[in-house]
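Listed below are the residues making up each chain.
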Amino acid sequence: MTDSPVSTAYIGAAPALPADPAPPHRLSVVVPMYNEIDNVKPLIDTVQAALQAYPHPWELIVVDDGSRDGTGAALQRHAASVGPHIRVLRLLRNFRQTAAMQAGIDAARGDVIVTMDGDLQNDPRDIPRMVARLLIENMDMVAGWREKRQDGFALRRLPSMIANRLIRKITGMQFKDLGCSLKAFRTSVLREVRLYGEMHRFIPAWLATVTTPDRMTEEPVNHRAREHGESKYGLSRTFRVIVDLLSVYFFLNFGARPGHFFGAVGLAVLGFGSAVLGYLGILKLLGESIGGRPLLFVGFFCVMGGLQFLLTGVLSELLIRIYYDGSHARQYHLMATPPVADGEGWHA
């Protein structure tokens, strides 16, 4: 592979960081990558340049999401040449972005975790400012807001606008840009949620189940046009968001009490069916024939369906207790990597 030149829009003479008022902490930057071989060297170099003068220990965790273009091997080669604070995790196959991000979060050792994309569209020079705001204002999350997006309208900005509008409507969280991967989190809070499917878009909504939205905010960040590789997103993302939103809505409102959801539906259906059968019973007592009436079948199946909903509610309550009492299963599989001691592998 020929090393790609590093864009001067990102690095060159890295500006000196201002006096840091944030309390002492350790920072972990998590970046999932999939088939981004041309962005491997520029990514590591830009993060290194942006955080070279960072006054606190930091590490960069890059997760290769089962790439087939040599991204994983390129990451390992270049990370070895930079330093032990660049850690590479390689998934055995492509588990998609959410699982790759969760793998990086699980491996992070910092008090603060910053996530960003591996396509160089996020500017790592925004990281110190976001982390400082997170800690000084005592927030649990600071989300990036791409105020001036450098993407095409039809395939990137339009689907994002639709997705953000839907997410705001369903979740009630008034973030302007929920699709921006550049976010800073307090690790103790982020570890309270697990990401599945393609739920990385809804991290603020998941965090709202363990902390108050008042401890989450947005910060305008720089955004760059993609220089290498191809985007993995398009119009299909909007349809996936719609499907995922159904799960988000359910878990936000009934995640800890699913029996209330199924119980309410079951009681409504059972009540309707019982009323129908009661009405037909009165007619039968008055001497009318009800055996051939379609309403009899409606009432019967509503009663049976209502009972099934109630039973589903009881079973879901049992399952949710098992979920909260048991350990969380992982949704990815890593290649074997040497263990790293807690005091090693930091840039200081």
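See above for the structure.
Given the structure is predicted, the values throughout are model-derived calculations rather than measurements.

Asker: Provide a residue-level description of the environment of leucine 334, including the pertinent values.
Answerer: Within the secondary structure, leucine 334 is located in the segment after helix H10 (294–325). Through-space distance from the C-alpha of leucine 334 to that of aspartate 65 is 9.6 Å; in sequence the pair is 269 residues apart. The contact partners of leucine 334, leaving out residues within four places of it in the chain, are Leu89, Arg90, Leu91 and Leu92.

Asker: How would you summarise the sheet that holds strand S4 (residues 112–115) if you had to cite specific residues and measurements?
Answerer: Pairing is mixed in the open sheet, where seven strands are placed in the order S3-S2-S1-S4-S6-S5-S7. Every other strand in the sheet has two partners, leaving strand S3 (86–90) and strand S7 (216–221) as the edge strands with one partner each. Taking each pair of neighbouring strands and ignoring which way they run, the sheet shows an average axis angle of 20°. Two strands pair when backbone bridges link them, and strand S1 (residues 27–33) and strand S2 (residues 58–64) are joined in this way by seven bridges, in the parallel orientation. By the bridge assignment, valine 30 is partnered in S2 with isoleucine 61.

Asker: Help me get a handle on helix H1 (residues 40–51), residues and values and all.
Answerer: For H1, which comprises 12 residues, the first-to-last C-alpha distance of 17 Å matches the rise-based estimate of 16 Å (1.5 Å per residue) to within 8%. Taking burial as the measure, the 12 residues of H1 include 11 buried ones, the bulk of the element.

Asker: Please set out the packing of H1 against helix H2 (residues 71–82) residue by residue, giving values where relevant.
Answerer: Any two packed helices are characterised by how steeply their axes cross, that is the angle between the axes, and by the distance between the axes. Where H1 meets H2, the closest approach of the two axes is 9 Å, and the angle between their N-to-C directions is 35°. Viewed along their axes, H1 and H2 form a crossing whose handedness is right-handed. For the pair H1 and H2, contact is made by Val40, Lys41, Ile44, Asp45 and Gln48 and by Thr71, Ala74, Leu75, His78, Ala79 and Val82, respectively. Along the lines of polarity and charge, the residues of the contact of H1 with H2 split into six nonpolar, three polar and two charged.

Rules behind the numbers
- Residues numbered from 1 in each chain as written.
- Predicted model: local features only at pLDDT ≥ 70, side-chain atom pairs only at ≥ 80, totals over all residues.
- Heavy atoms only, no water.
- Helix = DSSP H or I, 4+ residues; strand = E, 2+ residues; numbered from the N terminus.
- Contact = heavy atoms within 4.5 Å.
- Pairing = 2+ DSSP bridges.
- Axes fitted to C-alpha atoms, helices over the stretch in contact; angles between N-to-C directions.
- Expected span 1.5 Å × (residues − 1).
- Buried < 20%, exposed > 50% of the residue type's maximum accessible area, 1.4 Å probe, protein only.
- Left-handed = near helix turned anticlockwise from the far one by under 90°.
- Nonpolar A, V, L, I, M, F, W, Y, C, P; charged D, E, K, R; others polar.

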